[in-house]
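Structural features, examined
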Amino acid sequence: MNRPQRAHNTIQTRQGGFTLLEVLVTVAITIVLIALLLPALVSVRSRSRAFNCQMNLRSVCFDFEAFASPVVMMDRGDDETAPGLSRDQFRLETFLESQYQIHEFWSRPSSRMVMSTRELGVMACPEVNETVQLQSDTACRDGAVTPPQAVSYSMNLRLDRAEDTVNGIWVTRPVRLDDLVLQVPSLPLVWDTDGAVAAERSITAHYSAPPGDAAAPYGRGREWFPAIGRHGQLQVGFVSGEVLAATEPLEQASWQWTYNP
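To keep things clear, this report deals only with the structure shown in the data block. (Residues numbered from 1 in each chain as written. Predicted model: local features only at pLDDT ≥ 70, side-chain atom pairs only at ≥ 80, totals over all residues. Heavy atoms only, no water.)

1. A look at helix α2 (residues 92-100)
Extensive coverage of α2 is indicated by the burial of 9 of its 9 residues. Along α2, the positions that sit buried rather than exposed are L92, E93, T94, F95, L96, E97, S98, Q99 and Y100. Directly after α2, the chain includes Q101, whose backbone phi takes a positive value near 60°. (Buried < 20%, exposed > 50% of the residue type's maximum accessible area, 1.4 Å probe, protein only. Helix = DSSP H or I, 4+ residues; strand = E, 2+ residues; numbered from the N terminus.)

Okay, here's the thing in structure tokens:
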């Protein structure tokens, strides 16, 4: 006797994979997470670069202190025997050349060297990525480091050529520095610079001076091209070795911008 067969309910199982809705939800969540995390990552990267620039400026200031000090004096090259300079005196240009290792401090076999700004050490901000050319037996003000838009920092022009008056006429005079400059801790020594602006004005980016007396040589501000970009602030390294930042750097009453040695 044949038994009647039971009807079996067949249950269809879904094949492996994602539905379109699941894919869209996953993509939406990913986009939201990226939108939340990206500003934080950009901020961290920006702060890291700003910190590296700050440390570079601090290193330049400490090197200057050693260069100027008669106790821990570094090699001053030709300034040790230059006419008109005593043994304790030096020029800011010579210090700058020592930082770039050019001119009398040239230590490479070739008189011309091409490298990236990352190879310049403390003399280049991490935010600048350029190819530069160093030329021996050439002063920085005469184009020892080119192109000018690759220059990250400017030294205080008034410490290289000070403003002065002769018979009521404004002139600039070469400055002979010594360790007395270290007694002015609030004196700005070096700061972030916009080399591209200097290039547009056809002047060297290695030296900069904020405007002062309107009739003075630097009064019109042609030599003032700061790189104010990090949160709208300019980072400035002082003779004391301190590095400070300000949105209105020229409004800081304690910063001796117009100091003439």
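Back to the write-up after that little detour.
2. Digging into the packing of aromatic side chains
Across all of its chains, the model carries 9 aromatic pairs by this definition. Considering the side-chain rings of W224 and W257, the 5.5 Å spacing of their centres and the 75° angle between planes classify their relative orientation as edge-to-face. Of this pair, W224 sits in the loop between β8 (207-208) and β9 (234-238) while W257 sits in the segment after β10 (243-246), and the two are 33 residues apart along the sequence. For the pair W224 and W257, one class covers both residues: buried. Of note, R76 hangs over the ring of F67, and the distance from its end group to the ring centre comes to 5.7 Å. (Phe/Tyr/Trp six-rings, centres within 6.5 Å; stacked < 30°, edge-to-face > 60°. Lys NZ or Arg CZ within 6 Å of the ring centre and 35° of its normal.)

3. Remarks on the sheet that holds strand β1 (residues 112-116)
Sheet architecture is open: 3 strands sit in the order β1-β2-β3, paired in antiparallel fashion. Two strands close off the open sheet at either side, each with one partner strand: β1 and β3 (145-146). Across 2 bridges, the pairing between strand β2 (residues 131-135) and β3 is antiparallel. Pairing of Q133 across the sheet is with T146, part of β3. (Pairing = 2+ DSSP bridges.)

4. Section: the sheet that holds β9
Judged by pairing direction, the sheet is mixed, and its 5 strands sit side by side in the order β8-β4-β7-β9-β10 without closing on themselves. In this open sheet, the two edge strands, each paired with only one partner strand, are β8 and β10. Lying on the sheet, α2 is in contact with β4 (153-156), β7 (188-192) and β8; it crosses β4 at an angle near 155°. (Contact = heavy atoms within 4.5 Å. Axes fitted to C-alpha atoms, helices over the stretch in contact; angles between N-to-C directions.)

5. Digging into the pairing of β10
Across 4 bridges, β9 lies against β10 in antiparallel orientation. For Q235, the partnering residue across the bridge sits in β10 and is A245. The turn joining β9 and β10, which pair antiparallel and follow one another in sequence, is formed by 4 residues; a positive phi near 100° is taken by G241.

6. Describing the environment of G241
Locating G241 in the fold gives a position in the loop between β9 and β10. Residue classification places G241 among the buried positions, given a relative accessible area of 4%. The spatial distance from the C-alpha of G241 to the C-alpha of S186 is 9.6 Å, given a sequence separation of 55 residues. If sequence neighbours within four positions are ignored, G241 has contacts with R58, C61 and F62.

7. Comments concerning the pattern of salt bridges
One pass over the full model with this rule turns up 5 salt bridges. Among the ionic pairs, R158 bridges to E163, the shortest N-O distance being 3.3 Å. When its relative accessible area of 8% is taken as the criterion, E163 is described as buried. A single network of salt bridges, built from pairs that share partners, joins E93, R141 and D160. (Salt bridge = Lys/Arg side-chain N within 4 Å of Asp/Glu carboxyl O.)

8. Examining the nonpolar core
Core analysis: the biggest nonpolar cluster contains 48 residues, and F64, L92, Y100, M155, L177, L189 and V190 have the highest contact counts within it. Contributions of two or more residues to this core are made by α1 (20-68), α2, β2, β4 and β7. Counting residues per element, this core draws most heavily on α1, at 7 residues. Non-local contacts of M155, meaning those with residues more than four positions away in its chain, are made with V60, L92, F95, L96, L189, V190, W191, H206, Y207 and S208. The next biggest cluster of nonpolar side chains, apart from the first, holds 8 residues, and it includes W191, L234, A246 and W255. (Core = buried A, V, L, I, M, F, W, Y, C linked by side-chain atoms within 4.5 Å.)

9. Concerning the layout of surface pockets
Approximately 230 Å³ is the volume attributed to the largest pocket. Lining the largest pocket are 13 residues, and of these R91, E93, R141, D160 and P174 lie nearest its centre. No other element matches the 3 residues that α2 contributes to the lining of the largest pocket. Across the lining of the largest pocket, the residue classes break down as 3 nonpolar, 1 polar and 9 charged. (1 Å grid on protein atoms, 1.4 Å probe; cavity = no way out; pocket = protein on both sides within 12 Å on 5 of 7 lines; lining within 4 Å. Points joined across faces, edges and corners; volume = space filled by probe spheres on them. Nonpolar A, V, L, I, M, F, W, Y, C, P; charged D, E, K, R; others polar.)

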